[in-house]
There are 2 protein chains.
Amino acid sequence: MPISRLCPSVPQIVACTQNDQTGSKAVSGRPKGSPQLTRWSRARALRSGKKLDRSSLRTQPPEPNTPLSQFSLPVDPDDAANLDGADVMTIKSIYMVSDGTGWTAEHCVNAALGQFDYCLVDRGCPVSTHLFSGIDDTEKLLEITKQAAKEGALLVYTLADQQLAMAAKQACKLWGVPSTDVLGPITEAIASHLGVSPSGLPRGASGLPLSDDYFRRIEAVEFTIKQDDGASPQNLAKADILLTGVSRTGKTPLSIYLAQKGYRVANVPIVLGVAMPRTLFEVDPQKVFGLTINPLVLQNIRSARTKTMGLSSDGRSIYSEMSYVREELEFAGRLFAQNPLWPVIDVTGKAIEETAAVLLRLYHDRKNKCTMSRISKRY
Amino acid sequence: MPISRLCPSVPQIVACTQNDQTGSKAVSGRPKGSPQLTRWSRARALRSGKKLDRSSLRTQPPEPNTPLSQFSLPVDPDDAANLDGADVMTIKSIYMVSDGTGWTAEHCVNAALGQFDYCLVDRGCPVSTHLFSGIDDTEKLLEITKQAAKEGALLVYTLADQQLAMAAKQACKLWGVPSTDVLGPITEAIASHLGVSPSGLPRGASGLPLSDDYFRRIEAVEFTIKQDDGASPQNLAKADILLTGVSRTGKTPLSIYLAQKGYRVANVPIVLGVAMPRTLFEVDPQKVFGLTINPLVLQNIRSARTKTMGLSSDGRSIYSEMSYVREELEFAGRLFAQNPLWPVIDVTGKAIEETAAVLLRLYHDRKNKCTMSRISKRY
């Protein structure tokens with residue numbers, strides 16, 4: 001029976017899903033199913049530790065907390081056609097519902113989607129996500145769940161209120177919506193570990209004042225912005241972390257990313273032939289990190305940048321000339337060689353958060369002096 | 001049998017846990033257990049939908065994916081004493097293990113800990129977290145799991161590699177370490193939903209180039225920093241979102257937070273008696289958001305700031321005078337009244353991410369023209 005028959009349409013939400021519909025048309029009718037399903041079955045078999053044929057997926061007993069079993073039918077195009085034909089082979093919706101900000105649900109869905117980059121990148125499996133935050137009553141929750149059923153969406157939720165979480169679980173079961181409770185299991189594990197109960201309140205609703213740690217992070221962001229791009233070198237000593245590298249090695253976004261984790265960061269640009277501020281060599285070298293990058297990649301980034309910044313019509317300028325790029329990187333390389341205590345991180349092809357992870361591992365290793373790298377915090 | 005007997009000590013890790021040990025001493029011997037356990041049982045009963053007595057927790061059959069049942073003993077001080085006496089009533093460790101950056105595990109643990117703020121705030125249940133990122137071989141993984149068992153820690157993991165995830169699960173079961181797989185269930189749900197298999201590779205390891213969306217977010221951060229605090233008002237039209245409010249309403253950290261989500265943000269300070277840039281009134285009013293705050297709270301924040309900035313020895317200056325604070329907020333209020341299309345958000349007691357959630361709901365409602373607020377994205 002079509003899922004759509006199980007629940008009434010919710011016009012004011014449907015009105016928001018036109019983009020998805022367009023998306024569906026754009027990619028409809030591609031013969032994507034079978035090879036993907038084969039890969040999926042292989043992965044599934046791997047996970048369960050034995051080879052499974054797809055039919056067996058449908059006959060195995062339901063596994064609690066495993067949305068896979070709740071929604072095993074639609075992954076088979078043949079059966080799925082009977083469920084919600086039009087949408088199954090086209091764009092797939094993921095609903096994210098939270099009684100808080102919803103950023104945790106969004107973060108986890110993004111992280112999990114990282115595992116599917118290989119087929120997202122070429123629109124092999126187009127996905128649309130829809131974040132519903134501040135959903136703090138059952139009526140709104142059920143309306144969204146109905147719409148998820150109607151769209152054949154996956155519903156991912158982070159609901160601090162235990163009655164709401166229970167209602168979401170039951171409604172999804174009733175209407176055949178595959179669902180995942182992102183924070184439930186970890187919250188329950190922590191409750192058990194600490195021997196105390198969760199408040200059941202979304203963050204901010206507890207009425208507790210914002211913590212000192214919170215204000216420290218805000219202060220770190222403000223400090224870091226003031227120090228950006230070599231501003232006020234006299235304050236370098238006040239920074240926890242100093243980044244140095246040539247233009248377009250990602251010093252600024254990396255600084256901000258680290259600042260939001262509570263580190264006061266200063267970044268000092270390396271420019272061919274320009275002397276570095278004296279203060280950089282006076283601070284504890286344990287705080288200083290050099291950034292480097294492959295010359296070809298840097299040259300591409302700079303060419304693109306000169307174009308967007310309109311520095312030159314054909315996207316060429318000294319700044320992005322290969323010879324200049326190489327010379328500047330060699331200049332940086334000599335500086336790093338003269339300061340062997342500065343770790344040098346190659347950012348080529350790395351996302352900011354990956355570089356941040358590498359940098360913070362080194363930073364905390366030096367502080368903790370331990371071979372098994374860890375970043376520790378107190379609450 | 002003491003957990004410590006089940007596995008050998010791992011000295012180089014133990015060397016890193018001195019802080020925790022100090023922490024343990026600092027808070028040891030407080031009679032915290034019983035009332036907390038009562039609250040915990042109540043919450044547990046609520047969650048399971050029926051009243052449970054604690055003893056029944058230990059006799060119920062193990063629930064897959066529910067660390068609670070794997071580690072139900074230690075939450076009872078009496079039984080726990082037999083397991084790892086010294087640590088049970090003192091600081092509790094949470095190990096976070098990832099074969100990627102570990103930021104998702106950290107984000108989720110922080111979010112879940114938000115549910116325990118009420119007892120973290122007064123060190124009622126002291127917690128230390130330990131993030132192990134880039135753990136990509138079984139040997140390291142097992143070493144960490146052994147140490148978790150030794151410390152009586154909870155182990156939270158995000159392992160893209162399915163064999164590693166399986167190894168973590170089995171090792172935790174073997175050594176009695178309570179554990180939670182944060183991304184496993186959601187990744188499996190998405191695999192089933194899309195009908196494709198996860199790559200099993202942590203983000204960045206796929207070798208795929210960074211996405212356009214990624215570079216758009218980097219560009220947004222760089223734009224936003226350049227526009228901070230009213231800089232280059234001629235560029236206001238290029239911003240997606242404009243924030244305006246008096247000093248210390250959190251414009252800068254909010255701008256940066258939004259920028260990291262890919263929005264180009266400009267913020268324009270409101271200063272008593274200073275005319276606002278003409279361009280602010282020429283941009284689409286749908287993009288402009290006013291920030292306001294309770295005068296008493298603002299006065300406190302400003303007093304603290306003048307102290308830290310050494311603007312005045314006794315922390316008093318015109319800037320933080322109550323009369324000036326009120327006047328400036330009224331000045332802002334009149335400006336907002338003259339521009340009724342600007343939504344005004346009260347940031348009093350709100351964390352940046354909470355204000356961001358409210359603001360983006362309004363922003364996307366205006367774009368989508370739908371009554372059920374949602375933020376949609378395409379992949």
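Residues numbered from 1 in each chain as written. Chains lettered and ligands numbered in written order. Predicted model: local features only at pLDDT ≥ 70, side-chain atom pairs only at ≥ 80, totals over all residues. Heavy atoms only, no water.

(A) How the structure looks around the relation of the copies chain A and chain B. Between chain A and chain B, the superposition needs a rotation of 180 degrees and an axial shift of 0.0 Å, giving an RMSD of 0.0 Å. Those values place the two copies in the arrangement expected of a two-fold rotation axis. Of the residues that chain A buries at the interface, 99% are likewise interface residues in chain B, meaning the two copies contact each other through the same surface. (Least-squares fit on C-alpha atoms with pLDDT ≥ 70 in both. Contact = heavy atoms within 4.5 Å.)

(B) Structural detail: the sheet that holds strand S5 (residues 241–246) of chain B. All names here are of chain B. With parallel pairing, the four strands of this open sheet are ordered in space as S6-S5-S7-S8. Sheet topology places strand S6 (265–270) and strand S8 (344–346) at the edges, where each strand pairs with a single neighbour. For this sheet, the mean angle separating the axes of adjacent strands, direction not counted, is 25 degrees. Across three bridges, S5 lies against strand S7 (residues 288–292) in parallel orientation. Across the sheet, the residue bridging to Thr244 is Gly290, located in S7. (Pairing = 2+ DSSP bridges. Helix = DSSP H or I, 4+ residues; strand = E, 2+ residues; numbered from the N terminus. Axes fitted to C-alpha atoms, helices over the stretch in contact; angles between N-to-C directions.)

(C) Fine view of helix H11 (residues 162–175) of chain B. All names here are of chain B. With 14 residues, H11 ought to run about 20 Å at 1.5 Å a step, and its terminal C-alpha atoms sit 20 Å apart, in line with that. Two to three positions downstream of the cap, the backbone nitrogen of Gln163 sits 2.8 Å from a side-chain oxygen, assigning the N-cap of H11 to Asp161. In the segment just after H11, Gly176 is the residue with positive phi, at about 65 degrees. (Expected span 1.5 Å × (residues − 1). Polar contact = N/O pair within 3.5 Å; in protein donor to acceptor, adjacent residues only side chain to side chain.)

(D) Structural detail: the interface of chain A and chain B. Between chain A and chain B, the residue contacts involve 129 residues of the former and 129 residues of the latter. Both faces combined, the contact of chain A with chain B buries some 11900 Å², and carbon together with sulfur accounts for 60% of it. Of all residues in chain A, His193, Arg374 and Tyr379 of chain A give up the largest surface area on contact with chain B, accounting jointly for 8% of the area buried on that side. Our count for the contact surface shared by chain A and chain B stands at five salt bridges. A salt bridge links Glu222 of chain B to Arg248 of chain A, with the nearest nitrogen and oxygen atoms 3.2 Å apart. Our enumeration of links across chain A and chain B arrives at 36 residue pairs in polar contact (both at pLDDT 80 or more). (Buried area = accessible area lost by both parts, 1.4 Å probe. Salt bridge = Lys/Arg side-chain N within 4 Å of Asp/Glu carboxyl O.)

(E) Representation of the environment of Glu219 of chain A within the structure. Residue and element names in this part refer to chain A. Following the sequence through the fold, Glu219 ends up in helix H13 (residues 212–227). Sequence separation of Glu219 and Asn267 is 48 residues, and the distance between their C-alpha atoms is 16 Å. Here Arg264 takes part through its side chain, which lies 2.6 Å from a polar atom of the side chain of Glu219.

(F) Quick look at the pairing of strand S5 (residues 241–246) of chain A. Residues and elements named next belong to chain A. Of all the six residues making up S5, six are buried; the element is thus mostly covered by neighbouring parts of the structure. Both faces of S5 are covered, namely the face carrying Ile241, Leu243 and Gly245 and the face carrying Leu242, Thr244 and Val246. As judged from the six bridges shared by S5 and strand S6 (residues 265–270), these two strands associate in the parallel manner. Opposite Val246, over in S6, you have Ile270 as the bridge partner. (Buried < 20%, exposed > 50% of the residue type's maximum accessible area, 1.4 Å probe, protein only.)

(G) Representation of the sheet that holds strand S9 (residues 375–378) of chain A within the structure. Pairing within the open sheet is mixed, and its five strands lie in the order S9(A)-S2(B)-S1(B)-S3(B)-S4(B). Among the strands making up the open sheet, the edge pair consists of S9 of chain A together with strand S4 (179–181) of chain B. Neighbouring strand axes in the sheet, compared pairwise and without regard to direction, differ in orientation by 15 degrees on average. Pairing of strand S1 (residues 92–98) of chain B with strand S2 (residues 127–132) of chain B involves six bridges; the strand directions are parallel. Looking at S2 of chain B, one finds that Ser93 of chain B is bridged to Ser128 of chain B. Where helix H8 (residues 103–113) of chain B meets the sheet, its contacts fall on S9 of chain A together with S1, S2 and strand S3 (154–158) of chain B, and the angle it forms with S1 of chain B comes to roughly 150 degrees.

(H) Just the pattern of salt bridges, in detail. Residue and element names in this part refer to chain A. This structure, assessed with the given rule, holds 19 salt bridges over all chains. Measuring nitrogen to oxygen at the nearest pair gives 2.4 Å for the salt bridge that ties Glu282 to Arg278. Pair check on accessibility: Glu282 and Arg278 agree, each one exposed.

(I) Highlighting the nonpolar core. Formed by 133 residues in total, the largest nonpolar core has its most connected members in Ile241 of chain A together with Ile241 of chain B. Ignoring any residue separated from it by four or fewer positions in sequence, one finds Ile241 of chain B in contact with Leu258, Tyr263, Arg264, Val265, Ala266, Lys287, Phe289, Leu359, Leu360 and Tyr363 of chain B. (Core = buried A, V, L, I, M, F, W, Y, C linked by side-chain atoms within 4.5 Å.)

(J) Spotlight on the pairing of S6 of chain B. Buried residues dominate S6 of chain B, accounting for five of its six residues. Handedness of the crossover is the feature at issue here: the chain leaves S5 of chain B, passes through helix H14 (residues 251–259) of chain B, returns alongside S6 of chain B, and the resulting connection is right-handed. (Right-handed = clockwise from strand over helix to strand, strands pointing away.)

(K) Expanded view of the environment of Glu321 of chain B. Residue and element names in this part refer to chain B. Residue position: Glu321 is located in the loop between helix H15 (295–308) and helix H16 (322–338). The class of Glu321 is partly exposed, set by a relative accessible area of 26%. Sequence separation of Glu321 and Ile293 is 28 residues, and the distance between their C-alpha atoms is 15 Å.

(L) Region of the structure containing the packing of helix H10 (residues 138–151) of chain B against H11 of chain B. Residues and elements named next belong to chain B. Relative to each other, H10 and H11 sit at 30 degrees, their axes nearing to 10 Å. As the angle between them shows, H10 and H11 are arranged roughly parallel. Handedness of the crossing formed by H10 with H11: right-handed. Along its contact with H10, which presents Thr138, Leu141, Leu142, Thr145, Lys146 and Ala149, the element H11 presents Leu164, Ala167, Ala168, Ala171, Cys172 and Trp175. (Parallel < 35°, antiparallel > 145°, perpendicular 65-115°, else oblique. Left-handed = near helix turned anticlockwise from the far one by under 90°.)

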